Structures are given as structure tokens and as C-alpha cells.
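Report on the structure
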Amino acid sequence: MRIDKFLNATNITKRRAIALDMLNEGVIALNGLRVKPSKEVKVGDIIAITYLDKTKRYEVLAIPTLKTIPKAQSHLYIKNLD
């Protein structure tokens, strides 16, 4: 699954357009590297989002098959590392 779709599907970002903007600005890294929105996410990857005052890191536990998942089920797909 593309990283922009993954961020939206797992409720890390509210909309895919926000994920696209963040990826294009370089504030999201996959395994320590800045990536394009089309980069494929795999199980075990680490996603880091750098905000003005902090960095949030997530580990990919599973790839969702649905377009969006309920927020109550997001812990099945991502693990917050911070």
C-alpha cells in the first residue's frame, strides 16, 4: 500500500491530501529516509513524522485491506513508538 494511503487508512492523518502535503514537504520519513507519496509500506517499517516541537514514530504491524479502518482498530495496524 502506498504510504499516503496508509497514513489516511490508519487515521494517522485525517485526509489523504494532508498526507500528500506532509510527504511533499519532507516531514514524513520511512525507515529514516524522506520518501515520495507512492512509496510502498511494508510490515515492520518505521514511519516518523516531524512536527515543530516533537517527532512521532510508528511501526507498521499490518497492511489494511479496507480504504479506512475504525480508529478503535488502528492499534492492529500501527504501534506508537513514542
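In what follows, the accompanying structure is described. (Residues numbered from 1 in each chain as written. Predicted model: local features only at pLDDT ≥ 70, side-chain atom pairs only at ≥ 80, totals over all residues. Heavy atoms only, no water.)

Before going further, it helps to examine helix H2 (residues 16-25). All of the buried residues in H2 are Ala19, Met22 and Leu23. Around the axis of H2, the buried residues are gathered within 100 degrees of arc, so they sit on the same side. Away from its buried face, by an angle of more than 90 degrees, H2 presents the exposed residues Asp21, Asn24 and Glu25. Elements in contact with the buried residues of H2: helix H1 (3-9), strand E1 (28-30) and strand E3 (46-50). (Buried < 20%, exposed > 50% of the residue type's maximum accessible area, 1.4 Å probe, protein only. Helix = DSSP H or I, 4+ residues; strand = E, 2+ residues; numbered from the N terminus. Arc of directions from axis to C-beta. Contact = heavy atoms within 4.5 Å.)

With that settled, the discussion passes to the side chain of Thr10. Structurally, Thr10 is set in the loop between H1 and H2. Here Phe6 takes part through its backbone oxygen, which lies 2.7 Å from a polar atom of the side chain of Thr10. Thr10 has contacts with Pro64, Ile69, Ser74, Tyr77 and Ile78, leaving out every residue within four places of it along the chain. (Polar contact = N/O pair within 3.5 Å; in protein donor to acceptor, adjacent residues only side chain to side chain.)

Let's shift gears to the nonpolar core. Among the nonpolar cores identified, the biggest contains 16 residues, and Ile3, Leu7, Ile28, Ile47 and Ile49 are the most heavily contacted of them. Contributing elements (two or more residues each) for this core: H1, H2, E1, E3 and strand E4 (55-60). When near neighbours in sequence (up to four residues on either side) are disregarded, Ile28 contacts Ile3, Leu7, Ala19, Met22, Leu23, Leu33, Arg34, Val35, Ile47, Ala48 and Ile49. (Core = buried A, V, L, I, M, F, W, Y, C linked by side-chain atoms within 4.5 Å.)

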